[in-house]
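# A look at the structure
Listed below are the residues making up each chain.
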Amino acid sequence: MTKIKICGITNLADAKLAVEYGADYLGFIFAKSPRQVSPDEVKEIIEQLPEKIKKVGVFANQSLEEVQGIISRCSLDYLQLHGDESPEYCQEFHLPVIKAFRVKDESYLERLKEYQVDKYLLDAYHPNKLGGVGKIFNWELAKLAKEYGDIIIAGGLNPANVNQAIDSVTPYGVDVSSGVEAQAGVKDKKRLEEFIRRVKKQECGV
Ligand SMILES: O=C(O)c1ccccc1N[C@@H]1O[C@H](COP(=O)(O)O)[C@@H](O)[C@H]1O
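Residues numbered from 1 in each chain as written. Predicted model: local features only at pLDDT ≥ 70, side-chain atom pairs only at ≥ 80, totals over all residues.

## Considering the overall build of the chain
Using the following cut-off: Each helix is a run of DSSP H or I of at least 4 residues and each strand a run of E of at least 2, with the numbering of both proceeding from the N terminus. Note on method: radius of gyration uses C-alpha positions; expected globular size equals 2.2 Å times residues raised to 0.38. In this description, a residue-residue contact is defined by the distance between C-beta atoms placed from the backbone, which must lie within 7 Å.
For the chain, the count of helices and strands is 8 helices and 10 strands. In summary, the chain has a C-alpha radius of gyration of 16 Å against a globular reference of 17 Å for 206 residues, a match within 12%. Across its three principal directions, the C-alpha atoms of the chain cover 40 × 40 × 30 Å. Taking all contacts inside the chain whose residues are at least 6 apart in sequence as the whole, residues at least 24 apart take part in 51%.

Shown next as structure tokens:
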């Protein structure tokens, strides 16, 4: 079963809808972003969610102290490190790490090989932005990473292209942020439902 991560959650209503539709992971962005949320906001949302949903804190190039502080405030299950964090930095936490790599060409694999993390998230490359760009990358390049562990495809996914991404790569999971939004930080109910429904329908071979 392809796992589904809905990222850029900023409010309880969107979190509950994603859970109801069948998401596996929810992402809360603590990195600089139009979707950035505070630890207090996330704590309040998480307290009202079922245990089974995996809660992911998304960070980018933040200090160890800042990340540790947020971990101790919110009940996160995973850390997603979306910047230029080193392999050593990724080992500093007691939570499993999803390390993001921005894919421009196949040279990304040389970096990925150096990391021993729980999961590898592949996102599109952008010269000035770290994530939430809404742009796809060449999914053929993602196949190369599968021998290193669980791969999550991100970057520009939406209800119209997610099935093609899964067909091309057969990843562990898919991750979407802007592709199911009505505006930055606010999910579009129909697009969110459609995205999750299409992934699940593909599983059933319908
Ligand atoms: O979404 C953001 O604003 C963001 C900011 C900083 C780091 C990561 C961010 N989001 C991650 O970006 C990818 C792709 O997003 P999209 O679907 O293309 O909009 C996704 O993994 C988010 O977790």
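## Digging into helix α2 (residues 39-46)
Short version of the rule: Buried, partly exposed and exposed are defined by the number of other C-beta atoms within 10 Å of a residue's own C-beta, namely 20 or more, between the two limits, and 12 or fewer respectively, with C-beta atoms placed from the backbone. Each C-beta atom gives one direction from the helix axis, and the arc is the one those directions make.
What α2 keeps buried is the set V42, I45 and I46. In an axial view of α2, the angular spread of the buried residues amounts to 95°, which keeps them on one side of the axis. With respect to the buried face of α2, the exposed residues turned more than 90 degrees away are D40 and E44. Buried positions along α2 lie against α1 (12-21), β2 (25-29) and β3 (54-59).

## Re the UniProt feature "domain: N-(5'phosphoribosyl) anthranilate isomerase (PRAI)" (unreviewed entry) in the chain
For clarity, the cut-off: UniProt positions are given in the numbering used here, feature names are shortened, and annotations may be inferred rather than shown by experiment.
Mapped onto the present numbering, the UniProt feature "domain: N-(5'phosphoribosyl) anthranilate isomerase (PRAI)" (unreviewed entry) falls at residues 4-197. Taken as a whole, residues 4-197 contains 30% helix and 23% strand, while its terminal C-alpha atoms sit 11 Å from one another.

## A few points about the environment of Y148
Topologically, Y148 is positioned in the loop between α6 (140-143) and β7 (150-153). A C-alpha to C-alpha distance of 27 Å links Y148 and F30, two positions 118 residues apart in sequence. Look past the residues within four positions of Y148 in its chain and what remains in contact with it is L112, K113 and Y120.

## A word on unusual backbone geometry
Backbone geometry at N61 places phi at a positive 55°, although glycine is not the residue there. Locating N61 in the fold gives a position in the loop between β3 and α3 (64-73). On the basis of neighbour count, N61 is assigned to the partly exposed category, with 13 C-beta atoms found within 10 Å. The phi dihedral of T170 is positive, around 45°, even though this residue is not glycine. For T170, the position within the fold is in the loop between α7 (162-169) and β8 (173-176). Take T170: there are 13 C-beta atoms within 10 Å of it, and that puts it in the partly exposed class.

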